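Read off the chains here:
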Amino acid sequence: MTLRIVRREPGEGEVQLGAALHPVLRRVYHARGVRSARELQTDLELLTPVGTLESVQAAAELLLAQRDGGRILVIGDFDADGATSTALMLRALRAWGFSADFLVPNRFEFGYGLTPQIVRVAAQRKPTLIVTVDNGIASLAGVAEARAHGIEVLITDHHLPGEALPEARVIVNPNLPGSRFASGSLAGVGVAFYVLAALRRRLSAAGLPESAPGVAEWLDLVALGTVADLVPLDHNNRVLVEQGLRRIRAGRCVPGITALLEAAARPRERLISADLGFAVGPRLNAAGRLEDMSIGIQCLLEDSPAAAAALAARLDALNRERRQIEARMQAEALAAVRGLAERDPDAEQRSAVCLFDADWHQGVVGLVASRVKDRLRRPVIAFAAAGDGELRGSARSIPGVHVRDVLAQLDAQQPGLIVRFGGHAMAAGLTLARDRLDEFARGFDAAVAAWPQRSALRNAIETDGALAVQDIALQTAEALRAGGPWGQAFPEPCFDGVFTVRNARVVGERHLKMWVQAERNRSFDAIAFNCLDPQAEVVLPEGERRLVYRLDVNEYLGERRLQLLVDHILSP
């Protein structure tokens with residue numbers, strides 16, 4: 001596959017960002033559509049007003065009715081967004097005088113969401129209200145089961161709804177048809193935050209002491225869940241994330257986040273959004289992938305630093321185990337892709353790829369799909385056996401292909417082919433009958449090929465262009481680092497340029513360390529992480545290469561130095 005560079009172009013319109021900005025940062029903002037300094041402000045007052053989220057007041061009233069004698073059971077999801085949503089709900093409700101507990105479905109026993117099976121388990125605790133966080137919008141049967149047990153249901157979710165909605169008492173979801181809420185990109189934890197903000201106002205009106213904590217007390221949890229779930233960082237989400245980052249940097253966060261940062265050896269005082277996405281989030285997610293997300297939720301609920309540290313150590317060990325499993329599965333997946341290319345000369349022309357191995361781990365297939373998608377630059381679904389003759393798949397997509405809508409279209413064209421599915425534009429989950437995998441793979445490939453918005457950039461790498469050699473500097477790296485938060489749909493700046501690669505060497509089996517020389521004989525320390533396939537022969541790059549890279553600040557023994565993080569090594 002030949003990759004090509006596509007440079008982000010500044011949008012049209014007058015730009016008023018102020019004279020103090022670093023010129024490179026100004027250029028980066030311009031290319032992301034930022035036109036005014038106000039769009040970069042992250043004060044809480046700039047959040048989309050709480051009352052504009054439909055049904056949020058009805059949700060607050062339903063919760064308020066449980067304060068005297070009610071029993072609330074929060075049912076979350078088994079990923080970082082679900083864990084932070086659950087912890088946020090419980091911390092707030094308990095602090096405000098409610099009786100609240102949680103239940104999170106085990107991925108391997110119950111699957112995703114408010115299923116009838118998990119409702120029957122929940123009913124044994126005799127709740128008066130079930131509150132879903134980060135799930136529930138597709139749980140028609142689960143809500144019906146709860147009603148049969150006489151249990152009210154409040155759904156808070158951000159996933160895209162299907163044609164029918166569950167008959168819950170109240171549903172809060174910014175992606176419901178007809179919603180006019182200005183930030184449909186909220187993560188599940190963001191939706192929970194809005195519901196709790198409305199409840200806090202209602203409680204204040206009902207006489208809750210002003211000394212009681214406000215929901216902003218837990219913006220650290222909101223930031224973590226938002227970044228980890230890879231939702232688009234529109235202005236509203238950037239406000240939530242930046243406010244949460246500030247709390248964490250100042251040490252005003254739950255002990256579990258501090259413990260997870262320490263386990264990841266990330267200094268809290270210099271935290272950026274990437275640390276949440278690449279260090280804290282994966283450790284939290286490891287519990288839901290390999291065991292039970294209850295471990296992660298308990299870590300976020302602990303008030304004892306020592307107890308939180310013990311749970312974080314357990315999560316760190318699970319994450320190391322997850323990495324080993326993922327490395328094996330990724331090697332097998334890439335070998336399968338290479339074998340497919342050798343057997344089928346038309347494989348390169350396929351629009352989408354489906355992969356399955358009977359020995360793959362259900363909790364890790366999403367990570368494998370993501371890695372293979374990055375290599376092939378097309379939508380990928382990785383499947384694992386789920387028992388009872390079924391497969392569970394995790395899909396990852398590319399810009400221009402809304403994978404959840406592709407699945408919905410395929411489901412409409414071939415009813416019964418997909419047992420169930422749900423998700424977002426870039427990621428989705430689904431269940432299939434095992435004996436229909438080949439049929440599904442052909443249908444999915446055809447559906448992606450016919451997708452009208454399929455990006456012409458499938459084999460392209462977007463960058464922010466070249467940097468003048470004087471701008472490849474620690475000062476620029478510091479300015480870009482402080483210019484975030486960066487994330488999905490507001491990507492961290494990356495650049496491209498021709499360098500002479502020298503002294504390349506392998507470190508840690510999968511990484512490449514090197515010195516790279518630009519014009520004027522300026523040389524820079526550079527590293528490319530996870531760029532090597534342990535199963536393939538290693539060919540070290542030397543001489544002129546076009547690099548796609550990011551500027552990073554490498555801190556060691558108190559000294560701060562510039563380092564280039566290389567994402568791609570291409571022919572000049």
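Quantities reported herein were computed from a predicted structural model and do not represent experimental measurements.

K.L.:
What's the story with the pairing of strand β9 (residues 390-396) in this structure? I'm lost.
P.N.:
The two faces of a sheet get side chains in turn, since along a regular strand they alternate between them. For β9, the tally of buried residues reaches six of seven residues, placing the bulk of the element in the interior. Where strand β8 (residues 380-387) folds back onto β9 in an antiparallel hairpin, the turn is made up of two residues, including D388, whose phi is positive at roughly 55°. The pairing of β9 with strand β11 (residues 427-433) spans seven bridges and is antiparallel. In the sheet register, E390 faces β11, and the bridge partner there is A433.

K.L.:
Looking at this structure, I do not really get helix α5 (residues 140-148). What am I missing?
P.N.:
Residue pairs spaced three or four apart in an α-helix point in one direction, given the helix's 3.6 residues per turn. Among the residues making up α5, those that are buried are G142, V143, E145 and A146. Down the axis of α5, the buried set is contained in an arc of 155°. They therefore lie on one face. Facing away from the buried side of α5 by over 90 degrees, the exposed positions are R147 and A148. In this structure, the buried side of α5 is in contact with α4 (116-123), β4 (129-133) and β5 (152-156).

K.L.:
Would you take a moment to explain the pairing of strand β7 (residues 353-356) for this structure?
P.N.:
Only one face of β7 is buried: it carries V353 and L355, and the other face, with C354 and F356, is open. Where β7 and β8 come together, four bridges link them in parallel fashion. Bridging across to β8, L355 finds its partner in A382. As a crossover connection, the stretch from β7 through helix α13 (residues 365-376) into β8 is right-handed.

K.L.:
What should I look at first to understand the side chain of T463 in this one?
P.N.:
Of note, T463 is situated in strand β12 (residues 460-463). Only 3.0 Å separates the side chain of T463 from the backbone nitrogen of G465, close enough to count as a polar contact. Those residues in contact with T463 that lie beyond four places of it in its chain are I5, V6, R7, R8, C494, F495, D496 and V548.

K.L.:
I would appreciate a short explanation of the nonpolar core in the present structure.
P.N.:
The tendency in soluble globular proteins is for nonpolar side chains to be buried side by side. By size, the foremost hydrophobic cluster in this structure holds 134 residues, and its most contacted members are L88, W96, L199, Y549 and L564. In terms of residues, this core owes the most to one element, helix α6 (residues 188-205), which gives eleven residues. Non-local contacts of Y549, meaning those with residues more than four positions away in its chain, are made with L467, I472, C494, F495, D496, G497, F499, L564, L565, V566 and D567. Counting residues in hydrophobic clusters, the runner-up holds 22 residues, among them I398, V403, L417 and L437.

K.L.:
Explain the sheet that holds strand β10 (residues 418-423) here, please?
P.N.:
In sheet architecture, strand pairing relies on hydrogen bonds along the backbone and comes in two forms, parallel and antiparallel. Strand order in the open sheet formed by five strands is β7-β8-β9-β11-β10, with mixed pairing between adjacent strands. Of all strands in the sheet, those with a lone pairing partner are β7 and β10, marking the two edges. Pairwise comparison of adjacent strand axes, ignoring direction, gives a mean angle of 20° for this sheet.

K.L.:
Before we go on, may I ask you to explain the environment of P255 in this structure?
P.N.:
Mapping P255 onto the fold places it in helix α9 (residues 255-263). Taking the C-alpha atoms as reference, P255 lies 8.3 Å from L301; in sequence the two are 46 residues apart. Residue contacts for P255: discarding those within four places in its chain leaves R91, E302, D303, S304, P305 and A308.

The rules behind each value
- Residues numbered from 1 in each chain as written.
- Predicted model: local features only at pLDDT ≥ 70, side-chain atom pairs only at ≥ 80, totals over all residues.
- Heavy atoms only, no water.
- Buried < 20%, exposed > 50% of the residue type's maximum accessible area, 1.4 Å probe, protein only.
- Helix = DSSP H or I, 4+ residues; strand = E, 2+ residues; numbered from the N terminus.
- Pairing = 2+ DSSP bridges.
- Arc of directions from axis to C-beta.
- Contact = heavy atoms within 4.5 Å.
- Right-handed = clockwise from strand over helix to strand, strands pointing away.
- Polar contact = N/O pair within 3.5 Å; in protein donor to acceptor, adjacent residues only side chain to side chain.
- Core = buried A, V, L, I, M, F, W, Y, C linked by side-chain atoms within 4.5 Å.
- Axes fitted to C-alpha atoms, helices over the stretch in contact; angles between N-to-C directions.

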